[in-house]
Amino acid sequence: MSWFKHKQPAPVAAAPVVNSGAALAELVLNSIKEGVIITDAAGVISSINPAAVAMLECGNAADVVGLDYRLHLKIENKGGQVMPDAENPVYIAVASNQALNDFKTSLAVERTGKHLPVAISVIIAGNNKIITFRDITKDLEEDSAQAEFISTASHEMRTPVASIEGYLSLALNAQTATIDERARQYLESAHAASKHLGKLFQDLLDTTKLDDGRIKPEMMPTEVYGLVKQMADQFMPQFLQAQIKFDFGSSTGVDMGEAKVQPAMYAVIDTNFLQEIMNNLLDNARKYSMPDDNVWVNVVGDERQIVISVKDTGMGISQDDIQHIFQKFYRADNSDTRTIGGTGLGLYITKQRVEAMGGKIWVESTLGSGTTFYVSLPRLSTEEYNRRITVMNNQKQFMEVKA
Ligand code: ADP
């Protein structure tokens, strides 16, 4: 007999092997971390897994099966209110048999009054609707830590870059410095690069401020037609320098540039936001066009909305790229765009600004022929504009008298 005896592990009772399809499906549903609710065509719960019961804090599965899923899956809007059905993407997906993918929102957990951040998907499987959702609290915390880091870093780096830019300007100015031709060429390149870096930091800072809601629009009743014309006029010298023909008015021939009576179109907007939107769209129209191309800015409206368009006959955008251009940092990568400076943040910021004012942005483009960006804003009738201005003036007078 050997003097050395291996310690044998205690025998473990063998778990029964699950091999029927239904039992396996149940095992999977019971063990995954995602919440799963299966409903029939009318939205009545036929099955709910333990993860969903735990996240919704709704007692136990047996209490919930047979009920309308909306009684427990209460989706909130950005203001923390339960969304009405007409606006609720999960309701719309279930009711109209359309899949929904990773919709980020929060759920009102009734028992504890908690707001649970989740990403929800809806899968349509015949008459069964499978609603899955996962807790994204950790993802949001990580995003926020990352945004905080980018925001601090870009803020800190902007200051020395501005100083480099300033000194390079001084070196390039004949009144403040004497340099030879070769040094001028080097410094001009360094100046362009430092300006690009400064713009990148500014864009990064704006992006993080937008993402965490630090920038809020200051909405005021405004006449949009004249304001857009004024903003477009400011770009005239840049287009002239780039030898691009630039016009305010329709590209189909109706010249409103010198219109005798300008149409008044009112909306409630933040004028700084609109300035940034126009700057980005016009800057892109110039960057992605060549000498002899055309750029038009136009403003039209019906009783509901005002539509601003920026159209160019420049290089256009491919169908592959067009679906991504509003994403953060996305730049179409081809031999034409590679030499053009940019950060890929301009359209992301533009879209956020438009949506913060209750508007929409979309694009039409043909590679090689040109691009049109459209921005629509909810329109204010002339009567409503006048009424709001009168109310604001009265309030101002009242405050002045009180002071
Ligand atoms: P960038 O700083 O690169 O210009 P944007 O977010 O403003 O970033 O634009 C994203 C991408 O969309 C650009 O890199 C370019 O590929 C494409 N794009 C934007 N505007 C136009 C345009 N008017 N014509 C052609 N391509 C455009």
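The coordinates are above.
Everything numeric here is computed off the predicted structure, so don't read it as measured data.

Enquirer: For the pairing of strand β9 (residues 266-269), give the residues involved together with the corresponding values.
Expert: As paired strands, strand β7 (residues 220-223) and β9 are joined by 4 bridges and run antiparallel to one another. Note on β9: the bridge partner recorded for Glu223 is Tyr266. With 2 bridges connecting them, β9 and strand β13 (residues 370-380) associate as antiparallel partners. Within the sheet, the bridge partner assigned to Ala267 lies in β13 and is Arg379.

Enquirer: I'd love a proper account of unusual backbone geometry, names of residues and values included.
Expert: Here the phi dihedral of Glu57 falls at roughly 50 degrees; this positive angle occurs in a residue that is not glycine. You can see Glu57 is positioned in the loop between α2 (50-56) and α3 (61-64). By relative accessible area, Glu57 is classed as buried at 19%. Phi angles above zero are rare outside glycine, and Gln243 is one such case at about 55 degrees.

Enquirer: Hey, could you go over the packing of aromatic side chains for me, with residue numbers and the actual values?
Expert: Inspection of every chain in the model, using the stated rule, returns 6 aromatic pairs. Each ring, one from Phe235 and one from Phe239, has its centre 6.3 Å from the other, and the planes form 45 degrees; the classification is tilted. Taken together, a centroid distance of 5.3 Å and an interplanar angle of 15 degrees make the contact between Trp362 and Tyr374 stacked. On the criterion of sequence distance, the pair formed by Trp362 in strand β12 (residues 360-366) and Tyr374 in strand β13 is long-range, its members being 12 residues apart. Here the aromatic cluster, defined as three or more aromatic residues joined through ring pairs, consists of Phe235, Phe239 and Phe246. Its guanidinium or amino end placed over the ring of Phe248, Lys229 lies 5.7 Å from that ring's centre, counting from NZ or CZ. The ring centre of Phe273 lies 4.6 Å from the NZ or CZ of Arg353, which sits over that ring.

Enquirer: Could you give me a rundown of the layout of surface pockets, with the residues and numbers involved?
Expert: Roughly 1,600 Å³ of volume is contained in the largest pocket. Residue lining of the largest pocket: 39 residues in total, with Lys78, Leu210, Asp211, Asp212 and Gln352 positioned closest to the centre. Elements supplying a minimum of two residues to the lining of the largest pocket: β4 (100-109), β5 (114-125), α5 (137-172), α6 (181-211) and α11 (346-356). At 8 residues, α5 tops the list of elements feeding residues into the lining of the largest pocket. Considered class by class, the residues forming the lining of the largest pocket number 16 nonpolar, 11 polar and 12 charged. Quantified by volume, the second largest pocket comes out at close to 1,200 Å³. Along its surface, the second largest pocket is lined by 46 residues, and Asn284, Lys287, Tyr288, Gly341 and Gly342 are the ones closest to its centre. Of all the secondary-structure elements, those providing two or more residues to the lining of the second largest pocket are α6, α9 (271-287), β11 (305-312), α11 and β13. If one sorts the elements of the lining of the second largest pocket by residue count, α9 sits on top with 9 residues. Looking at the lining of the second largest pocket, its residues break down into 18 nonpolar, 17 polar and 11 charged.

Parameters and conventions
For every chain, the first residue of the written sequence is number 1, and numbering continues from 1 along that sequence. Reporting in this predicted model follows two pLDDT cut-offs: at least 70 for local features of residues, and 80 or more for side-chain atom pairs to be given and counted; totals over whole chains, interfaces and linings ignore these cut-offs and use all residues. Excluding hydrogens and water, the side-chain values take into account all heavy atoms of the structure. A strand pair is defined by DSSP finding two or more bridges across the two strands. Each helix is a run of DSSP H or I of at least 4 residues and each strand a run of E of at least 2, with the numbering of both proceeding from the N terminus. The buried label goes to any residue with under 20% of its type's maximum accessible area, the exposed label to any with over 50%, and the partly exposed label to all in between, with areas taken from a 1.4 Å probe on protein chains only. Aromatic rings from Phe, Tyr and Trp, with only the six-membered ring used for Trp, were paired whenever their centres fell within 6.5 Å, and each pair was classed as stacked if the ring planes differed by under 30 degrees, edge-to-face if by over 60, and tilted otherwise. Placement of a charge over a ring requires the Lys NZ or Arg CZ to be within 6 Å of the ring centre, with the centre-to-atom vector within 35 degrees of the ring normal. Buried and open spaces are told apart on a 1 Å grid over the protein atoms alone, a cavity being a set of points where a 1.4 Å probe fits but cannot get out and a pocket being an open set with protein on both sides within 12 Å along at least five of seven lines. Residues with an atom within 4 Å of a point are the lining residues. Grid points are joined across faces, edges and corners, and a volume is the space filled by probe spheres set on the points. Each residue is assigned to one class: nonpolar for Ala, Val, Leu, Ile, Met, Phe, Trp, Tyr, Cys and Pro, charged for Asp, Glu, Lys and Arg, and polar for all the others, Gly among them.

Don't take any of this as a statement about function, it's just geometry.
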